[in-house]
Every structure is written in C-alpha cells, then in structure tokens.
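Analysis of the macromolecular model
Each chain, written out:
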Amino acid sequence: MTERKTLPSAYNPKLVEEKWYRFWEEGGYFRAEVDPAKRSFCIVMPPPNVTGELHMGHALNNTLQDVLTRWRRMQGYTALWLPGTDHAGIATQARVEAMLAKEGLSRFDLGREKFLERVWAWKDKYGHTITMQLRRLGASCDWERERFTMDEGCSEAVKEVFLRLYERGLIYRDNYIVNWCPHCRTVISDIEVEHKETAGHLYYIKYPVKDGQDHVLIATTRPETMLGDTAVAVNPADERYRDFIGKRLILPLAKRELPVITDDYVETEFGTGALKVTPGHDPNDFEIGRRHNLPSVQVIGADGRMTVEAGARYAGLDRWECRKLVVEDLQREGLLVKIEDLSHAVGHCYRCDTVIEPTVSKQWFVRMKPLAEPAIRAVQEKRVVFIPERFEKIYLNWLENIRDWCISRQLWWGHRIPVWHCPDCGESTASRDDVDRCPRCGSERVEQDPDVLDTWFSSALWPFSTLGWPKDTADLSFFYPTSVLVTARDIIFFWVARMIFTALAFMENVPFREVFIHGLVLDALGRKMSKSLGNGVDPIEVIESHGADSLRFMLVTGNTSGNDLRFHFERLDGARNFINKLWNASRFALMNLGEDTGRKDLDGAAYELADRWILSRYRQAVLKTTEHLDLYDLGEAARVLYDFVWDEFCDWYIELTKPRLYRGTPQEAAVARAVLRKVLGGTLKLLHPFVPFVSEEIWHHLEPGAVPLIIQPWPADEPELDDSAAEEEMAVLIDIIRSIRHIRAEMKVPPGRRAAVILIVPEEKARRVFEQNKHYIEELAAGTVSVAGDIAAKPAQAAHAVAAGVEIFVPLGGLIDIKKEQFRLTKELDAVLQELSRVEGKLRNTGFLAKAPEEVVAKERGKQAELTQKREALESRLRMLGQ
RNA sequence: GGGCGAUUAGCUCAGGGGGAGAGCACUUGCCUUACAAGCAAGGGGUCGUAGGUUCAAAUCCUACAUCGCCCACCA
C-alpha cells in the first residue's frame, strides 16, 4: 500500500507508462478466462503484418479496440481482445529475398526448404517488433492467446477450409486470364490491382487485308500485345466493316493471318470500331477468345519480357522496350497512321506498384456466387451491422458484383495448397495428409502443387481459427461469434467480406455482430501517409514526445463517423495539455486530501450548492459517456469528459472548494474533500479506457491499496445525485460571476482591487439563494457582495449589468468613466433589442404558436420576459447616467 | 461511367430542425500557494451556391459548384 504523496507539477508519461504496462501484463489483467457466469465481449485484432512497424493507421485502429475492450472489461464482461500477426506472403518473402540479395543469393539458390527456414528465422528475430510497439500504445490484449496466421492451429484451419470447399466443388483450377505481377512473379487477385489514371497513347495501326489493297485500321494503347493477336473483332451492326467480316487480315510484323470476327462487346464509338483481339493478354479479349474459340498466344512472359512466341526480333526484350521497337517498326513499314494522347486506367500491383500484365495461366479459384449470397443476406438482415451504416452499401455492392477469387500465389512463403498432382495419370488429389502415392494409378511420382494460398485466405478464417476451430473448443463456444470487428474502411473487400462469407460457410453463424469502421490517418495536408512520400508520423516517436495517452486521446477525438483524420501536431499538444490538466487537478485533490480517507456516507445536509452541482454534473458525465460509447461515438464520449474535467471540475468546482479547504471549518473541509475524492475517482474510471496510463497512475495515489483502475467497475448511474435545482442555481451564479469579471476587465480594475458589488434581486426566494451563496461570488469575482430586493439610491459611480434577472452594480469610485459606461451599456442594449425583436417576431407568428411544441413556445416566452426585464434595466440605467 | 464523403471563425475541426461551438492563432490583463502545457476577459462566422419542404433550415430534400476517396473490362 503506497501513500498519497505530492506529485511533480508536470505529468511525465515516461516515468509511468512502462511501469503500468508491466503491472497489467504480469498481473494477468488482460487475460480473459472463459466464465459462463459472465457475459463475453470479444474483439479479434486485425492482424498486422509480421514485417510491419506500427504506423498511425495501426495506432488509431488499436486505440479504438483498446477503448472498447477496457470499457467492457470495466463493465464486468469477460473481455477478450485477441492479438496476432499475419504472415503477409509477398511482403515477408520480399523482405527476406532482399536480405539474401545482399549476400548475392536468390531464393532459387537456396531452394524452397532452405529458403523457408530463412523466412522463419527472420520471423523469429524481427516478428515481434509490432507487438512490442502495440504494448507501448497500451493495448490490453490477451497476449497469452497471441496467434500467427501460419501457426499450427491456423494452418490446420486453412487446410480444413480448403478441403471442405474443394469437396463442395467451390474450389476449382482453371486456365484463366489473371493479373500477373512481373516484379513479384505471382498472380494477384482482382482487388489487389490498383487502377491508376495514367497518361498514355492510342496508336492507330493498319492491318492489311490478305490478297487485297485494303486494310482495317485498329486502335490500341498497348501495341506490343499485337504480337499476340489472334483476331480482329468488329460490332456485328457496324456498317463500316460489313464487307470485311469473314475476311483475313495480315498481322503486321508477325505476318500471321487473322480472321475478322464480330462480337457485341466491341463499341462502335471507341477508336476505330475495330478491336484487335489478344486473348493472351487482355481480360476482355480473353472472353471474346473463349466465345469464338480463338487460340491464345502468350507473348509476354512471367518476367515481363517478350517470349519466343513474340518472334525472334522481339523475344527477350522488356515489354516497354518492345513497345518502342514495335512502334518504330510499324512506322518504318508505313503502317502506323497516328498516335493520340489518351488518359486511361492502368492496373498496378498494390504491393510493388508494377504495371500488371494480364496473362493466361493455370490458377486456383474460389467460386464466389454461392458463398456471397448468404453473406449478402446476413448484412441485409442486420445480423451483421455496419457502423457507420453507409459502409453497408459498399460491402453489398461489392458482393453483388463479385467475381471468382483467385487464391493461388506463385510464392513460397504461405500455406501450401494441399493438392497433389500425378504426372502419370493426371489425377489431382486434395488431402489433409501428405500424399506419397497417387490413389488412382499408384504412381509414387506425385508432387504437391507448388503454389501457396493468398494471404487473405487465412485472414478470412481469423475470427474462428484463432479461437481453436476446427477443434470444438471452450473458447469457440464462449467467445464466438465475436462482438465487434474494428477496422479501416480500406479493407472491407479484402477482409471483412471474406470473413463474413467464410464464417457463414463453416460456422453457420456470423463472425461478429458489428463492424466498426474508421477512416484513414492522413498527413496535415490531407495526403495518405506513405513511405514513398516520407510524410508518415511515427507513433513511437509521438509516444516518446507526448506520451501514449496523448496520442490515444488525440486519435479518439479525431475519429468521426468513418471519416479520415488529418494528423496535426497542434491537436496532439491539445491532448497533452488536457492530460496535464487532469494531472494537476489531481495534484490539487491529493495535496488537500492528505491522509484523509474521506467519508463516503456524508448525509445530504452537509453538501453545499457547489457539491450538489458537481455531483449532478458528474452524474450527467457518467450517463453521457456511457451513452456515447454504446453508440460507438468514442470521440464524443472523450469530448464529454474533456469538457467536464476542464470546464466544470477544474474551472469551477476546484475553485469553489478552495475557501473551504483553506479556511473552512474541519467539517466543511471534510465534505469538500469527500466530494473531490468521489468525483475525481469516478472521472478517472470514465477516462481510463481513453487514457489508461495517467488514469491508473493517479488512481493509485488517490486510492492507495485499492483494486487497480483497469478492473474497477464502470461507474453506474446514481440517480440520487441528480439535482436540477443545484444546476440551475449554479448556472445563475456562474452567469453573474462572469458578468462581474467582464465589468472589471472592461473597466480595467486591477485584479487585486476589491469591489463592493450590489445585487438587486427582486424575487424573495431567489434572494435567499443569493444570500446563502454570495461567498462564491465574493471569492471568484474578488469583492464583497450585498444582496437587496431594491435600493432607494442606485450608485452613480458604478458599472451596471443585468444577468439572470439580477441587476448588478459594481461601484468603482473614481474609476468610472461615464461616457465609456454609456457606450458599453448602449452596446449591450442594442444586442438585447436585436434578440428581443427576433423573439417577439417569433411569438407574433400564429403558425409558430399553433404548431410548435409547447415547451418551445414556453421557452421563447421565458426569453421574452428575461430580455424585456434586461432592456428595462439597461434603459433606466442609461436614463440615470444621462441626467 | 457509377457510388461515397467533405464544404461551419484566420487555421484544424466538432455539432446538427427551434438562442452559431471547441482547440489553435489573435487582442487585453494576470507568474492568484493544482496547472504559464496555465488563469481571467474579449474580438472574429449571412454554417459552399440556388431552389424546395416546414410555423421554424447551418441542420431534412433536390440540383449545382469545388475538393477528396472508392468502385468500374471501353481497346
């Protein structure tokens, strides 16, 4: 049990963050034990790449998850936040290959097995970077359950899912046009292709008619692919080409013959209306080729260089060099008619940014239609709810237009496809266990398919593979379906949709009930943070300079309804200042609490107005914070606490306790201390999910020996704290204190100079309230206050104001400048008159009186009365000064 | 070509059918024994444009403009 002691005047996160994280982790506070007596709350972390380092996107994503997890944990749920990392096929393999390259080696020099050993070694050595960084952020994950997409359990789940899909006929292997990345040397799926608007050219080329003088003019953006042309297609309705249909053309350069065919796909409007068909290197041409039984020629190889099929002159050339040469050759032969500029979308690899080459190749696919349908229904029927709702449309639109998913990759690092091919009889065998003999012909020359699965294939199983599936585990039955998925909006397709359809296919239940989508973290100029731009802000550096809590608070308050968040250091400073404010308010409380353990059962009579007020406001903070969290308005919840702590607790309540604490009777001071302790303690609980480190640190000073904040119960509603009378009375007092301060500032009354303020309060009940609480005004507006129903002689040498129905006189002796006072009052009167005419206009409107709700009308009437009284007081004061 | 978001104070952004808000910056005065990463007071906005719905619109609807993002097989 530590004692309360004085704290330094500035909060230093470095002194406490590591300490508390170790305390929590080693104390097992993050551990979630299956307990049927409790409600379960579960978030499965979107696994960052093992190769990764924490970036701002991770920081935001994980802060939001941590806020939810800590909050639910305090609410008494068994809260499991399950962490893990993703093997990230291409990224990791590329990293290790780059390392090998420095040794002058390629992966082929090592061979598959040795290479994979190197990758695992790399993972063991560097794979913890990001999880260590998540700890710095304060992530309260259950690290004892940390998983990896290629660990034994996840791999078993992958194999099981593949086999069951295969057995159901939902996985097939086919020669198909796919997106080939010549740099990564693998196929990638449709969504891994990034389309970028690129400035290019449209080349018009003559294709001569065989045995004739005529020609067909075609237009293409990629002249090098003409070497793989196997037809020219026109629209059947296109009059211009009627006479060419069925004729044969001579493909320039290659000198091959091409038929002229018709296909509805061809647009008469675009280019020349004649389309060169290259089934080997264009998705549309591939389809046309299938419809017309055209041969497909691969002229561009896996390395992006021209193949022998392209002809001796071009074979071996890089595809871009080849384009140049083809254009030159055409020009020389007089077949190039013109070149136009054209801006068009070009596909790039999302990993390495290389231009994708559509290529025909034999790959594995998942048949999507049957899987997509239940996933669409689950969201339509709100079994999975998107927050904000608008992302539902994006999800549905994608699944409704889904195409089959290419799942094989020509990589070594990943889950190997569990299929064995027999070279003797051609049989392919999918199996859970290794196959060493062909089950059909008995050949022992069977070989496992060389490809691995798309990394997203294993991510798709993450919500249940991490909980033990395909085994029937206690975790699975307790935590599944998980509660909510928290993720950035850019992986709805890659990940969210795939988890939903996979879960529905294998768990017969949704993977999570809610999907909480947040935006991207952009730089100050609104650009995506990226390595190539060098505009990224390193969260770890921010944690070093401002502390993890500041970063978290800034990210949470910056995140609004799925919109992107620009990173501004000013905001970070603001968050840091807030935490420092909290720290100092706590110092104040601790200094005054001393060894006092406080009484918790003070009877109501002992409370002053300020106490009743702050307790009532505190209750509102509890209610609002909880409400906003329930609705995933995390930023709004944090803002409620910011305002409560700064504007109400610090600026008013602490100031109002000082007279009692410094000069009050022991009993009075004890009451103030008890309220300080209760409100600060409760507020720390409310703040803990957002700023876990500083709140835990203060908590242990405030309540030495108490259970740590991380598992303190979330503040419940205490209706008995509600005190609307106190709130109204305090609002009036605050209003009057501000008015007096305003006068003093305007009149340049030195801060130390006291003033004898007179308040004229005609109403008797209100007058009693003022009599009782005028010491607040005296303390905070520096002076003495006398309260009267009316006074015969209103002082001339006084500044005047009206607030909350009360006339205020601040006698200033010689300091008063009548002209200046008249000017000030006139300005005030103008504002009152303007507002009054607006209100009266409204009250003259019969439509308003008839249709507006009663309370709105009553409110306007109240305003009218108050403004009228204010006007009269100001006018009379001006008349008096004018005499 | 579709879809989505944004447009509010000098800057960055909340809010959202009935009196325009915050932080930063700015002006003035304060090192007042929790805090100068602070305290007090203040200036500053016809809430992108045009229509519409409504007793009432910054807020809802429709168009448009500008910016940004996503999707899309027109060579």
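Residues numbered from 1 in each chain as written. Chains lettered and ligands numbered in written order. Predicted model: local features only at pLDDT ≥ 70, side-chain atom pairs only at ≥ 80, totals over all residues. Heavy atoms only, no water.

Considering the pairing of strand β28 (residues 798–803)
Counting buried residues in β28 gives 6 out of 6 residues, a clear majority hidden from the surface. The alternating pattern of β28 places Ala798, His800 and Val802 and Ala799, Ala801 and Ala803 on opposite faces, both of which are buried. Taken together, the 6 bridges between β28 and strand β29 (residues 806–811) define a ladder with antiparallel strand orientation. Across the sheet, alanine 803 pairs through a bridge with valine 806, a residue of β29. Counted between consecutive antiparallel strands, the loop separating β28 from β29 contains 2 residues, among which alanine 804 sits at a positive phi close to 50°. (Buried < 20%, exposed > 50% of the residue type's maximum accessible area, 1.4 Å probe, protein only. Helix = DSSP H or I, 4+ residues; strand = E, 2+ residues; numbered from the N terminus. Pairing = 2+ DSSP bridges.)

Quick look at the side chain of threonine 657
Within the fold, threonine 657 resides in helix α20 (residues 634–663). According to the relative accessible area criterion, threonine 657 is buried, its value standing at 0%. A polar side-chain atom of threonine 657 sits 2.7 Å from the main-chain carbonyl oxygen of isoleucine 654. The residues touching threonine 657, leaving out its near neighbours within four places in the chain, are Phe588 and Ala672. (Polar contact = N/O pair within 3.5 Å; in protein donor to acceptor, adjacent residues only side chain to side chain. Contact = heavy atoms within 4.5 Å.)

Observations concerning helix α5 (residues 112–126)
The end-to-end C-alpha distance of α5 is 21 Å, a good match for the 21 Å that 15 residues give at a rise of 1.5 Å each. Elements that come into contact with the buried residues of α5 comprise α3 (89–102), α4 (107–110), β4 (147–148) and β21 (452–453). (Expected span 1.5 Å × (residues − 1).)

Details of the protein's contact with RNA strand B
Taken together, the neighbourhood of RNA strand B is formed by 57 residues, with Asn284, Arg576, Tyr662, Lys851 and Pro853 sitting nearest. Within 4 Å of the protein, atoms of RNA strand B come from sugar and phosphate in 61% of cases. Within the side chain of asparagine 584, a nitrogen or oxygen atom sits 2.9 Å from a sugar or linking oxygen of RNA strand B. Within the residue set of the surface near RNA strand B, elements represented by two or more residues are β8 (215–220), α18 (569–593), α20, α23 (724–746), α25 (818–844), α26 (846–851) and α27 (854–882). The residue makeup of the surface near RNA strand B, split by class, is 20 nonpolar, 14 polar and 23 charged. (Near = heavy atom within 4 Å. Nonpolar A, V, L, I, M, F, W, Y, C, P; charged D, E, K, R; others polar.)

Here's the deal with the packing of aromatic side chains
Counted by the stated rule, this structure contains 39 aromatic pairs. Both rings, one in tryptophan 20 and one in phenylalanine 23, keep their centres 5.1 Å apart while their planes meet at 80°; by these two values the pair is edge-to-face. With tryptophan 20 and phenylalanine 23 both in helix α1 (residues 17–26) and 3 residues apart, this pair spans about one turn of that helix. A relative accessible area of 7% places tryptophan 20 in the buried class. Ring centres of phenylalanine 162 and tryptophan 364 lie 5.9 Å apart, and the angle between their planes is 70°; on these two criteria the pair is classed as edge-to-face. Residue phenylalanine 162 is located in helix α7 (residues 152–167), and its partner tryptophan 364 is located in strand β14 (residues 357–366); the two are separated by 202 residues in the primary sequence. Of the two residues examined, phenylalanine 162 and tryptophan 364, each falls in the buried class. An aromatic cluster is present here, built from Tyr21, Trp24, Phe30 and Phe693 joined pairwise through their rings. The cationic tip of arginine 70 hangs over the ring face of tryptophan 24; the distance from NZ or CZ to the ring centre is 4.3 Å. (Phe/Tyr/Trp six-rings, centres within 6.5 Å; stacked < 30°, edge-to-face > 60°. Lys NZ or Arg CZ within 6 Å of the ring centre and 35° of its normal.)

A short note on the pattern of salt bridges
The full count for this structure, using the stated rule, is 67 salt bridges. For the salt bridge of glutamate 340 with lysine 338, the shortest nitrogen-to-oxygen distance reads 3.2 Å. Glutamate 636 is the salt-bridge partner of arginine 639, the closest N and O atoms lying 2.5 Å from each other. Of this pair, arginine 639 and glutamate 636 both sit in helix α20, separated by 3 residues, roughly a single helical turn. Exposure remark for arginine 639: the relative accessible area of 28% places this residue in the partly exposed category. For glutamate 636, a relative accessible area of 34% corresponds to the partly exposed category. Connected through shared salt-bridge partners, Glu160, Arg164, Glu167 and Arg432 make up one network. (Salt bridge = Lys/Arg side-chain N within 4 Å of Asp/Glu carboxyl O.)

Let's talk about the sheet that holds strand β26 (residues 755–760)
Strand pairing in a sheet relies on backbone hydrogen bonds. The paired strands run either parallel or antiparallel. Across the sheet, which stays open at both edges, the 4 strands sit in the order β27-β26-β29-β28 with mixed pairing between neighbours. With partners counted over all chains shown, the strands left at the sheet margins are β27 (783–788) and β28, one partner each. This sheet shows a mean twist of 20° between the axes of neighbouring strands, independent of strand direction. Pairing of β26 with β27, which is carried by 6 bridges, proceeds in the parallel orientation. Across the sheet, the residue bridging to alanine 755 is glycine 783, located in β27. Contacts between α23 and the sheet are confined to β26, β28 and β29, with β28 contributing the most and set at about 150° to the helix. (Axes fitted to C-alpha atoms, helices over the stretch in contact; angles between N-to-C directions.)

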